[in-house]
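Structure at a glance
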Amino acid sequence: SSGINADWPLRPGDGVRIQNTAQLGIMTAKNDLCKINKPDYQSQGSVILGKTCKKAFVKVFNADEDQCSGVFCDVLEVAEVFLNDTMRAMIAAEFDKDFFKIIETEILNPVMEYNCRCSGKMMDAWMGCKHKIGEADIWYTVMNFGGFNTSAAYLEGEDWLDFWVDVVKDRLPWDDMSLMLERTMANLCQTNQDDEGKCYTYFYKAFNTLYQWFLKSTGGVPAVNKRGGNNRNNDVVVPEQCSTYDLSAYADMEAEDISFGDIKEAVIEKFCVEECEDVYQDTFLGCCTASMIQDEVLETSVKNTATGMGDIYKRLYPENEDAANSGISEYFGYYENAMAMLRNPTCTETDVEYDVTPCGGAGGEEELGEVSSCEGLSSKKAKICKKKAKKAAKAAGGEEEEEGNNKKNKKNKNKKNK
């Protein structure tokens, strides 16, 4: 075979062998990586990471109370609990709201809380040690037992081990991937000034809302608790026309064959309906979205990462190079059009305008509380600006009131003690 793997047809009994191999792999990884967490074993080498990277991640673990690199062991140790408990709870969830809440509390929140604290530290450690990843013994195990074709055409005569070590070490676009991670986390981990919580929660709720609307538009029926409701925000009334889309162009397709991408044009059309303006501003175009779409450094790093990954793919599958180039160009076109549209959403036939100010405002957080900063804007944008300013002022006033109450309580307590 000329591909990455040699032909390996499945035969009766292979399922059990694959399961046993997977369990053996998890046990081996656990025994190796959990040494990072144990001081008595930290000086030992690592089959998976090699000497240099093991030392780098031990340093991260010992650096502060976050103990970020302990995640390798933690993930392996909780895997069984996750599969047994969390998956069972998700399967047993009666309503969509319950299902998504389990994902939010058991998966999204802990994963993102870890990433907000640790992703930068972990990437820095990797960037500093990856040049020595070839010293890890795991390469020989993979090469000898992975069923790989060590004389495949894509190697062009190069040694299999040298080629793949070089891919992991240098050919992957690590600088762009590191920058993409840094900017993505900066945007997702910031406080959502339009609402409570972090921006990653905002995007998760927006996805949940779009899922419910997509389900309605394709003839599905969301599993909703009639008494508790299933709205993203129970005090927001969503007009029916804003949460259903005309998908008649896909009438001949099965519902399960229609993708989220298929409703893009239908969604865009609704953005210019005046009755939908407030709902769409809150749900899809809040300050979290504005921060993400106006981050041009993030956009450039995403494009560069995709290009770098595409170059590796074309090296592995040269027969697909033309299709790969065409696909990359097509998706880059979609991406650029979407960014341009979201950065400056305009509706020529209606009076709809959207505020796409990043969290913190164009000139910093302090401006959000000043209604005067809204002067000079168009009537629609001025209304949005003042609404945000009042919300920020109210939040600041609440903090001052709480501080005043604390001082008052302290004063009364001191009087009482006297």
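A few points on the structure. If you're wondering where the values come from, they're calculated on a predicted model, not measured in any experiment. (Residues numbered from 1 in each chain as written. Predicted model: local features only at pLDDT ≥ 70, side-chain atom pairs only at ≥ 80, totals over all residues. Heavy atoms only, no water.)

1. Let's talk about a negative patch on the surface
The grouping of D195, E196, D278 and D282 at the surface amounts to a negative patch. For D195, the location among the structural elements is in the loop between α7 (174-188) and α8 (199-217). (Patch = residues over 30% accessible without salt bridge, like charges linked within 9 Å, V, L, I, M, F, W, Y side chains within 5 Å. Areas by Shrake-Rupley, 256 points an atom, 1.4 Å probe, with all protein chains shown as cover. Salt bridge = Lys/Arg side-chain N within 4 Å of Asp/Glu carboxyl O. Lys, Arg positive; Asp, Glu negative; His and termini not counted. Charge placed at Lys NZ, Arg CZ, Asp CG, Glu CD. Helix = DSSP H or I, 4+ residues; strand = E, 2+ residues; numbered from the N terminus.)

2. A short note on α7
Over its 15 residues, α7 extends 21 Å from the first C-alpha to the last, a length consistent with the 21 Å expected when each residue adds 1.5 Å. Every buried residue of α7 is listed here: W174, M177, S178, T184, M185, N187 and L188. Residues of α7 that are buried make contact with α4 (96-129), α6 (160-171), α8, α11 (287-293) and α12 (296-316). (Expected span 1.5 Å × (residues − 1). Buried < 20%, exposed > 50% of the residue type's maximum accessible area, 1.4 Å probe, protein only. Contact = heavy atoms within 4.5 Å.)

3. Notes on the state of the cysteines
By definition, a disulfide is the covalent link that joins the sulfur atoms of two cysteine residues. Summed over all chains, the structure comprises 8 disulfides. At a sulfur-sulfur separation of 1.9 Å, the disulfide partner of C34 is C73. Where C34 bonds to C73 through sulfur, the torsion about that S-S bond is close to 90°, and the disulfide is right-handed. You can see C34 sitting in the loop between α1 (14-33) and α2 (50-63) and its partner C73 sitting in helix α3 (residues 71-92), a full 39 residues away along the chain. For the pair formed by C34 and C73, the shared burial category is buried. (Disulfide = S-S within 2.5 Å.)

4. What about unusual backbone geometry?
The phi dihedral of Q67 falls on the positive side, at around 45°, and the residue is not glycine. Along the chain, the position of Q67 falls in the loop between α2 and α3. Even without a glycine there, the phi angle at E156 is positive, about 50°. Residue placement: E156 occurs in the loop between α5 (138-145) and α6. For E156, a relative accessible area of 63% gives the class exposed.

5. Comments concerning the packing of α6 against α12
Where α6 contacts α12, the two axes come as close as 12 Å, and the packing angle between them is 165°. Between α6 and α12, the interaxial angle falls into the category roughly antiparallel. Crossing of α6 against α12: the hand is right-handed. Taken together, the residues of α12 that come into contact with α6 (itself represented by F163, W164, V167 and R171) are I312, R315 and L316. (Axes fitted to C-alpha atoms, helices over the stretch in contact; angles between N-to-C directions. Parallel < 35°, antiparallel > 145°, perpendicular 65-115°, else oblique. Left-handed = near helix turned anticlockwise from the far one by under 90°.)

6. Quick look at the pattern of salt bridges
Following the criterion strictly, the structure yields 14 salt bridges and no others. Note that R171 and D166 form a salt bridge whose closest N and O atoms lie 2.7 Å from each other. On the accessibility criterion, R171 (30% relative accessible area) is partly exposed. Between D295 and R183 there is a salt bridge, and its shortest N-O distance comes to 2.8 Å.

7. Notes on the nonpolar core
Counting residues in hydrophobic clusters, the biggest one holds 34 residues, and the most contacted among them are F57, M122, W126, Y154 and W164. In terms of residue count, α4 provides more of this core than any other element does, 7 residues in total. Filtering out sequence-adjacent residues up to four positions away, F57 remains in contact with I36, L49, S69, F72, M122, A125, W126 and C129. In terms of nonpolar packing, the next biggest core, distinct from the first, is built from 19 residues, C242, Y245, L285 and I293 among them. (Core = buried A, V, L, I, M, F, W, Y, C linked by side-chain atoms within 4.5 Å.)

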